[in-house]
Amino acid sequence: MAGRTSPSTGGATRRTLLAGTAAALTGALSGCDTAPPADRQTSDDAGAPVVTGHKPKGKDVIDVVADCGAKGDGRTDDSRAFARAYSYAAGRVWDHIGRTVVDIPAGTYLIRAPDALLNARKGKLKANGLRFRGAGKRMTQLIFAPHRAEDAYLCRNEDSWANVAFEQLGFACGTPGASFFYSYSTGQAQDYRFTECEWTGEWTYGVALDGSNTNSEMRWDACRVGGAYRKAFLYSGLSQNSLSRKQQDQFLNYWFNDMKVEYSWGNFLEFPYGGSITCRGGSYIVTGSRPEESPDYGRTSTFFRFPRGPHHDSVQRFHAEDIRFEVRTPDTVVMDCAWDSGTVHFNDCDDTANAFKSFAQDSRPHRYRIGARGPLVRYDSCQLSGQHSYEPDGTGGAGPRARYDMCHFRNHSQQDFIAGSGDRVSFVDCLGS
């Protein structure tokens with residue numbers, strides 16, 4: 001740094017340093033109006049951003065208890081306090097940048113009004129940066145209990161906010177069938193991050209993504225997904241309001257790191273329009289069974305369900321690494337994939353915790369319907385229970401391409417591990433039972 005010497009040099013006085021600094025500043029300033037040499041490249045990106053408007057008044061951090069009147073006693077309806085906090089944050093957007101952190105102290109907060117936590121409808125606000133901060137999982141608990149569950153969401157973001165963060169918060173569904181977050185986008189609603197959050201109770205959707213062109217760049221770190229899901233915790237592509245069905249497929253970059261996925265029933269991820277998804281680390285368990293048969297899912301609960309929706313084309317990429325799965329019943333499915341191209345990759349994963357049980361030999365926790373273009377499927381260094389099922393989708397072509405490399409099959413020999421169309425499945429240095 002200018003004006004600072006290493007302790008080993010010694011000898012430099014404060015007056016010497018100040019003189020040197022002044023000289024350096026004079027030299028720097030004298031060159032400000034000088035044109036750059038002809039051989040030096042310049043870039044428009046190097047210019048300072050133009051900031052318009054004025055910095056908003058008020059505090060940068062607002063407390064829903066101290067500033068907005070929330071009780072946090074688990075009995076008082078705190079909907080107005082949370083709506084007041086969000087309205088304050090939305091009102092302090094300056095130059096399309098959010099300027100407010102919403103603090104939610106330890107307590108249990110009953111919220112009955114839909115959209116009370118985040119209410120951004122119809123894309124009227126184009127803003128970047130909103131942060132909700134709690135005291136910790138189980139310490140800050142938001143109970144969403146609307147009077148009517150259908151189409152009731154705690155958060156609603158319709159093409160308005162990007163870069164939304166939720167930290168150390170618990171969300172419980174007090175009205176079975178309500179949902180946590182509705183996100184509609186034609187390019188603006190994206191970049192969500194959840195850190196050390198938890199979901200409990202019976203939801204229809206956790207996060208439901210809709211729209212055209214993009215709903216992307218979302219990350220979950222060290223979160224716990226509990227409760228139950230009539231549809232899925234993350235459902236990508238409702239197609240209710242898409243401006244273009246051909247663009248209802250740009251669902252990119254979803255990361256789940258060090259998760260504790262331990263819910264009663266339902267689906268964890270459902271991506272009918274493709275997507276780029278990475279899951280690394282953690283434990284994934286379905287602890288129970290659906291209370292009744294579903295028209296869409298029967299009795300099954302699936303961690304990764306990738307059906308094929310009517311869409312133009314999209315990235316179709318899934319990667320799971322260093323995850324321990326528990327397949328506790330025949331109705332628990334790890335992967336059910338019908339994508340028409342792309343890749344599916346499991347690396348160093350284990351679903352054999354219950355391979356000793358009587359149902360395991362006949363179970364099929366990984367299921368694929370594959371066409372002429374794939375997807376390409378690969379398992380590396382995995383320990384796998386039951387059988388894997390491969391079926392052609394009727395579009396013709398050469399059939400599936402799958403490879404198992406240095407995997408251990410707990411219930412079957414290599415020759416009996418594949419159920420269905422296994423002529424294009426290859427094995428490298430694998431062990432059977």
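Computed from a prediction, not measured in an experiment: that's the story for all the values here.

Judged by nonpolar contacts, the single largest core of 95 residues is most densely connected at Trp199, Trp220, Phe256, Phe304, Phe346 and Tyr404. One finds Tyr153, Tyr182, Tyr205 and Ala208 within the second-largest nonpolar core, a separate group that totals nine residues.

Below, the discussion takes up the pairing of strand E24 (residues 366-370). Going residue by residue along E24, you find His366, Tyr368 and Ile370 tucked away on one face and Arg367 and Arg369 left uncovered on the opposite face. Inspection of the sheet shows strand E22 (residues 332-337) paired to E24 by three bridges, in the parallel sense. Directly across from Met335, in E24, lies its bridge partner His366. When E24 meets strand E27 (residues 388-392), the two strands line up parallel, connected through five bridges. Across the sheet, residue Arg369 finds its bridge partner in E27, namely Glu391.

Pairs can form between side chains of opposite charge whenever their charged atoms are close. If you walk through the whole model with that rule in mind, you get 25 salt bridges. The residue Asp296 makes a salt bridge to Lys231 at a minimum N-O spacing of 2.6 Å. With a gap of 65 residues between them, Asp296 in the loop between strand E18 (275-286) and strand E19 (301-306) and Lys231 in strand E15 (residues 228-236) connect regions that are remote in the sequence. For Asp296, a relative accessible area of 45% corresponds to the partly exposed category. A salt bridge links Arg324 to Glu326; its shortest N-O distance comes to 2.8 Å. A residue is classified by how much of its surface remains accessible, and Arg324, at 37% relative accessible area, is partly exposed. Residue class for Glu326 comes out buried when judged on its relative accessible area of 10%. Connected through salt bridges with shared partners, the residues Asp115, Arg121, Asp151, Arg156 and Glu158 form a single ionic network.

Let's shift gears to the side chain of Gln387. Within the fold, Gln387 resides in the loop between strand E26 (383-384) and E27. A polar atom in the side chain of Gln387 sits 2.7 Å from the backbone oxygen of Asp416. Sequence-distant contacts of Gln387, that is, excluding residues within four places in its chain, are made with Gln361, Ser363, Arg364, Pro365, His366, His412, Asp416, Phe417, Ile418 and Ala419.

Our next topic: the environment of Thr343. Looking at the secondary structure, you find Thr343 in strand E23 (residues 343-347). In the structure, Thr343 is positioned 25 residues away from Phe318 in sequence and 6.3 Å away in space, judged by C-alpha atoms. Sequence-distant contacts of Thr343, defined by excluding residues within four places in its chain, comprise Gln316, Arg317, Phe318, Pro375 and Leu376.

Reading the values: the criteria
- Residues numbered from 1 in each chain as written.
- Predicted model: local features only at pLDDT ≥ 70, side-chain atom pairs only at ≥ 80, totals over all residues.
- Heavy atoms only, no water.
- Core = buried A, V, L, I, M, F, W, Y, C linked by side-chain atoms within 4.5 Å.
- Buried < 20%, exposed > 50% of the residue type's maximum accessible area, 1.4 Å probe, protein only.
- Helix = DSSP H or I, 4+ residues; strand = E, 2+ residues; numbered from the N terminus.
- Pairing = 2+ DSSP bridges.
- Salt bridge = Lys/Arg side-chain N within 4 Å of Asp/Glu carboxyl O.
- Polar contact = N/O pair within 3.5 Å; in protein donor to acceptor, adjacent residues only side chain to side chain.
- Contact = heavy atoms within 4.5 Å.

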